[in-house]
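Tertiary structure, described
The primary structure of each chain is shown beneath.
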Amino acid sequence: MFYSSSIEISRSALAHNIRFIKAQLKSGTRFSSVVKGNAYGHGIEEFGQLAYTCGVDHFSVFSADEAYRLHQVLPHKATILIMGYIDDEELIWAIANNIEFYVFSIDRLEQAAKAARSLQKPARIHLDLETGMNRIGLEANEVEYAADLILKQSDAFEVMGVSTHFAGAESNENHDRVAGQLDRYRLAVRSLQQKGLKFRTLHTACSAAVMAYPETHLDMVRVGIMQYGFWPSPEIYQRYMGVSTDRIDPLKRVINWKSRVMSLKLVPAGEFIGYGKSFQASSEMLIAAIPVGYAWGYSRSLSNQGQVLVRSHRAPVVGIVNMNVLMVDVTGIPDVALQDEVVLLGKQGNEHITVASFSELSTQLNYELLTRLPMNIPRIIVD
Ligand SMILES: *Cc1c(COP(=O)(O)O)cnc(C)c1O
């Protein structure tokens, strides 16, 4: 074993989540799997291939490096869409390889035209519209200019879609803002159509919008967090559970993060454990060291806070989480032995360590915790 922990991703859990999400959509609405942030920490290559075997054929990433990694492992009939940054050199690669990308500024549009002409191949673009998030996207006063530019150079472009992104669909507090964004989006789409621009796919919805705003589904939805088995916010979860008949969470966590007991020590009462004096043994304690620390994505803020599973029991983290090691108290757990499996995140026996519990203790958002899982932990596909 050349690694100190591993991340399992579950085929059956993913298939289940995708089925649930697709059941929220009307027939014909396309499902795009959002796999930015190393597939929210699940491993872009492993997760992408797994999702493909679950029937997903459209993937959305943030940047060209992510598109590149996915392109290496997916059959080329799968569509890859870059929703974020793309530089001039990457435009050439993207166009040559049928990678679709967002155009979020006039500058990107002009550079894409240049790249397309040099390749004599149209760029497959999505016009990303600024509708009120005020992050990236073509401003209302740029949209007509963009349309003219595209119409004048029609062999340089294939307009695959028109998109926007909502500023906080996961919270009802933002309802007005989302509604305003959808209005501005519709208006811009109409003006593009009136100009005579042809495009295929209208898409706006992320996970939260899929659940809270069915009117935003349109031709395609871009789903990230929910396919991994997490709710975009407690509010969206409660809203769903309020109307569900069986009161069972319909999503299943795909990820399980595991390590092993590397060392066991009896520590006498009164001794401090680990660096500094943050934890003192009040009685004799059996302490297990686990070869995972903040360099491996286990937040230092879980010092004296986190829990792991050993022999299907919860074991609390004691002392400060180190760079590569953390210590847990296994005093009351029978038969703990070296090499025992340790679950940092996920299930063992009937016990679970949820990302939510993790996030609350470390004040990280579930999105943040997942995407911080380092790339060099191996991802293993299990059923
Ligand atoms: C991340 C992202 C999504 C997916 O968001 P989730 O909340 O994870 O479903 C959709 N669209 C864009 C533009 C994004 O950046």
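The paragraphs below set out a description of the structure included in this document. Nothing here was measured: the structure is a model prediction, and the numbers come from that model.

Rules used in this analysis
Residues numbered from 1 in each chain as written. Predicted model: local features only at pLDDT ≥ 70, side-chain atom pairs only at ≥ 80, totals over all residues. Heavy atoms only, no water. Helix = DSSP H or I, 4+ residues; strand = E, 2+ residues; numbered from the N terminus. Buried < 20%, exposed > 50% of the residue type's maximum accessible area, 1.4 Å probe, protein only. Contact = heavy atoms within 4.5 Å. Areas by Shrake-Rupley, 256 points an atom, 1.4 Å probe, with all protein chains shown as cover. Lys, Arg positive; Asp, Glu negative; His and termini not counted. Charge placed at Lys NZ, Arg CZ, Asp CG, Glu CD. Axes fitted to C-alpha atoms, helices over the stretch in contact; angles between N-to-C directions. Parallel < 35°, antiparallel > 145°, perpendicular 65-115°, else oblique. Left-handed = near helix turned anticlockwise from the far one by under 90°. Nonpolar A, V, L, I, M, F, W, Y, C, P; charged D, E, K, R; others polar. Salt bridge = Lys/Arg side-chain N within 4 Å of Asp/Glu carboxyl O. Near = heavy atom within 4 Å. Polar contact = N/O pair within 3.5 Å; in protein donor to acceptor, adjacent residues only side chain to side chain.

1. With respect to the overall build of the protein
A count of helical and extended segments in the protein gives 12 helices and 18 strands. Its C-alpha atoms give the protein principal-axis dimensions of about 80 × 45 × 35 Å. Taking all 383 residues of the protein together, 54% fall into the buried category. Counting contacts in the protein only where the partners sit at least 6 residues apart, residues at least 24 apart contribute 66% of the total. Accessible surface computed for the protein: about 17300 Å², of which carbon and sulfur atoms make up 51%. Here the protein contributes 37 positively and 40 negatively charged side chains, and the mean placements of these two sets differ by 4 Å.

2. Structural notes on the packing of helix H3 (residues 44–53) against helix H4 (residues 64–73)
It is at 9 Å that the axes of H3 and H4 come closest, and there the two elements cross at 50°. Judged by the angle between their axes, H3 and H4 are oblique. Crossing hand, H3 versus H4: right-handed. Counting all contacts with H3, which are made through Ile44, Glu45, Gly48 and Gln49, the residues of H4 involved are Glu66, Arg69, Leu70 and Val73. Split by residue class, the contact of H3 with H4 holds 3 nonpolar, 2 polar and 3 charged.

3. Focus: the pattern of salt bridges
Across all of its chains, the model carries 13 salt bridges by this definition. The salt bridge partner of Glu158 is Arg124, with a shortest N-O separation of 3.9 Å. Of this pair, Glu158 sits in strand S7 (residues 157–163) while Arg124 sits in strand S6 (residues 123–128), placing them 34 residues apart in sequence. Taking relative accessible area as the criterion, Arg124 reaches 28% and is therefore assigned partly exposed. For the salt bridge of Lys195 with Asp148, the shortest nitrogen-to-oxygen distance reads 2.9 Å. Of this pair, Lys195 sits in the loop between helix H8 (175–194) and strand S8 (201–205) while Asp148 sits in helix H7 (residues 140–152), and the two are 47 residues apart along the sequence. Take Lys195: its relative accessible area is 31%, and that puts it in the partly exposed class. The network of salt bridges with shared partners includes Glu8, Lys258 and Glu341.

4. So, the site of the ligand
With respect to spatial proximity, the complete set of residues near the ligand consists of Val34, Lys36, Tyr40, Met83, His165, Cys206, Ser207, Arg222, Val223, Gly224, Ile225 and Tyr367. The separation between a nitrogen atom of the ligand and a polar side-chain atom of Arg222 is 2.9 Å. In the model, an oxygen atom of the ligand is placed 2.8 Å from a nitrogen or oxygen of the Ile225 main chain. Burial of the ligand by the surrounding chains reaches 91%, relative to a free accessible area of 390 Å². Elements with a contribution of two residues or more to the shell around the ligand: helix H2 (36–40) and strand S9 (220–223). Residues belonging to the shell around the ligand are distributed by class as follows: 7 nonpolar, 3 polar and 2 charged.

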